[in-house]
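Next come the chains, spelled out residue by residue.
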Amino acid sequence: LMNKLLTFVFPVFLLGQFDQVTNGFGLDIGSSGSGMFIMRNYVHASEKLALNGELRFYDIKAEDETIVYDYYTGQYESVGGKSLVMLPVFVGGNYYPFVGKIENNFSPFISIKGGVVTTVDGEESGTLMKGDSTTKTFSERWKNPDIQYTLGGFIGVGIDFKIVGQSSVMVMVGFEYLPLKKETDGKKDYSGFLIHLSFNRRAK
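Residues numbered from 1 in each chain as written. Predicted model: local features only at pLDDT ≥ 70, side-chain atom pairs only at ≥ 80, totals over all residues. Heavy atoms only, no water.

**So, the environment of Ile60**
Okay, step 1: Inspection of the secondary structure assignment puts Ile60 in strand S3 (residues 49-60).
Okay, step 2: Sequence-wise, Ile60 and Tyr190 are 130 residues apart; in three dimensions their C-alpha atoms are separated by 8.5 Å. (Helix = DSSP H or I, 4+ residues; strand = E, 2+ residues; numbered from the N terminus.)

**Examining the environment of Gly192**
Okay, step 1: Of note, Gly192 is situated in strand S14 (residues 192-202).
Okay, step 2: Residues Gly192 and Gly30, spaced 162 residues apart in sequence, show a C-alpha to C-alpha distance of 6.9 Å.
Okay, step 3: Excluding anything up to four places from it in sequence, Gly192 contacts Ser31, Gly174, Phe175 and Glu176. (Contact = heavy atoms within 4.5 Å.)

**Quick notes on unusual backbone geometry**
Okay, step 1: For Glu47, which is not a glycine, the phi torsion comes out positive at approximately 65°.
Okay, step 2: Here Glu47 lies in the loop between strand S2 (33-43) and S3.
Okay, step 3: Since its relative accessible area comes to 36%, Glu47 is described here as partly exposed. (Buried < 20%, exposed > 50% of the residue type's maximum accessible area, 1.4 Å probe, protein only.)

**A word on the packing of aromatic side chains**
Between two aromatic rings, the relevant description is the distance of the centres plus the angle of the planes.
Okay, step 1: For the coordinates displayed, the defined rule picks out three aromatic pairs.
Okay, step 2: An angle of 35° between the planes, with centres 5.8 Å apart, marks the rings of Phe25 and Phe199 as tilted. Of this pair, Phe25 sits in strand S1 (residues 20-30) while Phe199 is found in strand S14, placing the two residues 174 residues apart along the sequence.
Okay, step 3: Residue class for Phe25 comes out exposed when judged on its relative accessible area of 52%.
Okay, step 4: A relative accessible area of 37% means that Phe199 is categorised as partly exposed.
Okay, step 5: One residue, Arg56, lies across the ring of Tyr58, its end atom 4.8 Å from the ring centre. (Phe/Tyr/Trp six-rings, centres within 6.5 Å; stacked < 30°, edge-to-face > 60°. Lys NZ or Arg CZ within 6 Å of the ring centre and 35° of its normal.)

**Points about the nonpolar core**
Okay, step 1: Core analysis: the largest hydrophobic core is formed by 17 residues, its most contacted members being Tyr58, Ile60, Met86, Leu178 and Tyr190.
Okay, step 2: Elements that contribute at least two residues to this core include exactly S3, strand S6 (84-95), strand S7 (106-121) and strand S11 (167-177).
Okay, step 3: Discounting residues that sit within four places of it in the chain, Tyr58 has contacts with Gly30, Ser31, Ser32, Gly33, Ser34, Gly35, Leu84, Val85, Met86, Glu176, Leu178 and Leu194. (Core = buried A, V, L, I, M, F, W, Y, C linked by side-chain atoms within 4.5 Å.)

**Examining the sheet that holds S14**
Okay, step 1: On the basis of which strands lie adjacent, the closed barrel formed by eight strands has the order S1-S2-S3-S6-S7-S10-S11-S14 and antiparallel pairing. On average, each strand axis in the sheet is tilted by 25° relative to the strand beside it, whichever way the strands run.
Okay, step 2: The pairing of S2 with S3 spans 11 bridges and is antiparallel. The residue bridging Gly33 from the neighbouring strand is Ile60, located in S3. (Pairing = 2+ DSSP bridges. Axes fitted to C-alpha atoms, helices over the stretch in contact; angles between N-to-C directions.)

This is the structure in structure tokens:
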């Protein structure tokens with residue numbers, strides 16, 4: 001399968017015509033957290049290959065994070081959480097090996113993406129005291145964050161469902177590679193399983 005993929009991809013990059021353009025947005029649910037993204041997709045005329053780029057906002061969750069009720073404010077607050085955000089910018093492609101062999105509105109594919117991951121680490125504790133607890137304000141968390149840049153990526157499989165009009169729903173599952181240069185909030189690697197759900201529409 002890999003040999004077929006390489007044999008097809010290289011001529012397409014040199015001679016191919018990517019005349020179908022779609023824009024999309026969606027949700028990510030991963031082993032380390034969740035987030036949202038926007039993307040742009042360029043589909044080749046043969047419909048066997050699509051090139052895409054995406055910008056994601058990924059909120060990292062702590063394993064012991066819980067929600068508690070604050071009697072002083074009358075609101076629910078997160079306790080034990082991390083002030084850690086990742087902003088992956090990935091480019092890559094989807095390969096559709098079964099074009100013309102199954103129904104047109106049901107298209108399985110293989111996806112590979114890579115790029116730069118910006119990690120922003122804020123403070124986990126604030127200075128505003130209420131009773132015996134410490135309340136973390138937004139400004140205290142993010143006034144002086146630690147920022148680092150690393151390379152990351154994603155490899156997985158998915159299905160593109162064409163729906164009414166020029167819209168589609170894309171579902172992917174796979175492994176996401178999110179390493180760091182140094183240990184941040186107790187971990188140096190936030191890689192893991194990822195579910196990627198995208199709602200796409202043909203650009204006008």
